[in-house]
Amino acid sequence: MVLAAGLGTRMRPLTDDRPKALVEVGGRALIDHVLDRLAEAGVEEAVVNVHWFADRLESHLAGRMTPRIVISDEREELLETGGGLKKARELVGDQPVWVANIDSVWIDRANALADLAEAWDPARMDAILLLARREGSIGFEGAGDFFLEETGRLRFRGDADSAPYAYMGVHITRPQVVDGGPDGPFSLSPIWRRLAEEGRLFGRVLDGDWMHVGDPQARDEAEARLKSGTSSTGA
């Protein structure tokens, strides 16, 4: 599932006439960067939720052949990350599912999504998140989200001044994790906090360069980084 229904307020004025998903970086719309990555990982069908400039996004997606696109319509109410996945439950089914935001672009040395899929273990995990090192990431100015244990389990930053890893906006999860969520909008974050306490939230770290494309300046920085080509870690 690709979460593409956000208003993109931080990306204005680039989102005054389009959804954030259609802002271009390196000559391609953000949503195509994500869908291309998922296609490379073997995804054959992607559910995309729509809200802001929904008609324009649907028109753009109609031109894609791989993966096949199924629309989850949130025109009437924007449902956030958890509510969006819950609304789409009948579309995504009961098997483990990729969930991806549209504001991440990256250059990797190895195939990050293949690595995440290989690490997925439903016997131990309810979700596994793709992480980036906070230091050196483009467009991310936060204090970090997680500590990563040797076992791969995640701990939230909590009261610490900083944490070394940031969530990149891509994860694999059992879709059933949202079944107990409320009707209407809600975030995945409280669910992840519960899973972390239960030892069921895991992570893997990107070997490469992450660009969080959250505003026009970050978009310009990401475009310059893509033009420069190789990863600073050696790709």
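Quick note: structure is the one above.
The text that follows walks through the structure, step by step, so that each part is easy to find. All residue numbers refer to position in the chain's written sequence, counted from 1. This being a predicted model, a pLDDT of at least 70 is required before a residue's local features are given, and a value of 80 or more before pairs of side-chain atoms are given or counted; all residues contribute to the totals for chains, interfaces and linings. Hydrogens and waters are ignored; side-chain quantities use all the structure's heavy atoms.

What follows covers the pattern of salt bridges. Salt bridge, as applied in this entry: a Lys or Arg side-chain nitrogen positioned within 4 Å of an Asp or Glu carboxyl oxygen. Applying the stated criterion across every chain, the model contains 24 salt bridges. Across the pair Arg-75 and Asp-73 runs a salt bridge whose closest N-O atoms are separated by 2.5 Å. Residues Arg-174 and Asp-126 are paired through a salt bridge, measuring 3.0 Å at the closest nitrogen-oxygen approach. Of the two residues, Arg-174 sits in the loop between β11 (165-173) and α6 (189-197) while Asp-126 sits in the loop between α5 (112-119) and β8 (127-133), which places them 48 residues apart along the sequence. With a 1.4 Å probe rolled over the protein chains alone, any residue whose accessible area is under 20% of its type maximum counts as buried; one over 50% counts as exposed, and the rest are partly exposed. Residue class for Asp-126 comes out buried when judged on its relative accessible area of 8%. Linked through salt bridges whose partners overlap, the residues forming this network are Arg-28, Asp-32, Asp-36 and Arg-64. Runs of E in the DSSP output that reach at least two residues are strands. Runs of H or I that reach at least four are helices, and both are numbered from the N terminus.

The next thing to look at is the side chain of Asp-32. By the secondary structure assignment, Asp-32 is in helix α1 (residues 30-40). Whether two residues are in contact is decided by their heavy atoms, any of which lying within 4.5 Å being enough. In contact with Asp-32, not counting residues within four places along its chain, are His-60 and Arg-64.

Attention shifts here to the nonpolar core. Formed by 37 residues in total, the largest nonpolar core has its most connected members in Ile-31 and Leu-57. Discounting residues that sit within four places of it in the chain, Ile-31 has contacts with Val-2, Ala-4, Ala-21, Leu-22, Val-48, Leu-57, His-60, Leu-61 and Ile-102. Here the nonpolar core consists of buried residues drawn from Ala, Val, Leu, Ile, Met, Phe, Trp, Tyr and Cys, with membership extended through side-chain atoms lying within 4.5 Å. Core analysis: the next-biggest nonpolar cluster, separate from the first, contains 24 residues, Ala-127, Val-178, Leu-195 and Leu-201 among them.

Let us look at α1. All of the buried residues along α1 are Leu-30, Ile-31, Asp-32, His-33, Val-34, Leu-35 and Leu-38. Count one or two residues on from α1 and you reach Gly-42, which has phi positive near 100 degrees.

Below, the discussion takes up the pairing of β11. With nine of nine residues buried, β11 is to be regarded as a mostly interior element. Strand pairing requires that DSSP identify at least two bridges connecting the strands. As defined by bridge partners, strand β6 (residues 97-101) adjoins β11 across four bridges and the pair is classed as antiparallel. When the bridges of β11 are listed, Val-97 appears paired with Thr-173.

Let us now look at the environment of Gly-139. By the element assignment, Gly-139 lies in the loop between β8 and β9 (146-148). Under the relative-accessibility criterion, Gly-139 is labelled partly exposed at 24%. Expressed as a C-alpha distance, the spacing of Gly-139 and Arg-200, which sit 61 residues apart in the sequence, is 29 Å. With residues up to four places along the chain from it excluded, the contact list for Gly-139 reads His-212, Ala-218 and Glu-221.

Turning our attention to the environment of Met-11. Its location among the elements puts Met-11 in the loop between β1 (2-3) and β2 (24-25). Its relative accessible area of 0% is what places Met-11 among the buried residues. Along the backbone, Met-11 and Val-213 are 202 residues apart, and their C-alpha atoms lie at a distance of 8.6 Å. Those residues within four positions of Met-11 in sequence are excluded, and the remaining contacts are Lys-20, Val-23, Val-213, Gly-214, Asp-215, Pro-216 and Arg-219.

Keep in mind that these numbers describe shape and distance, not what the molecule does.
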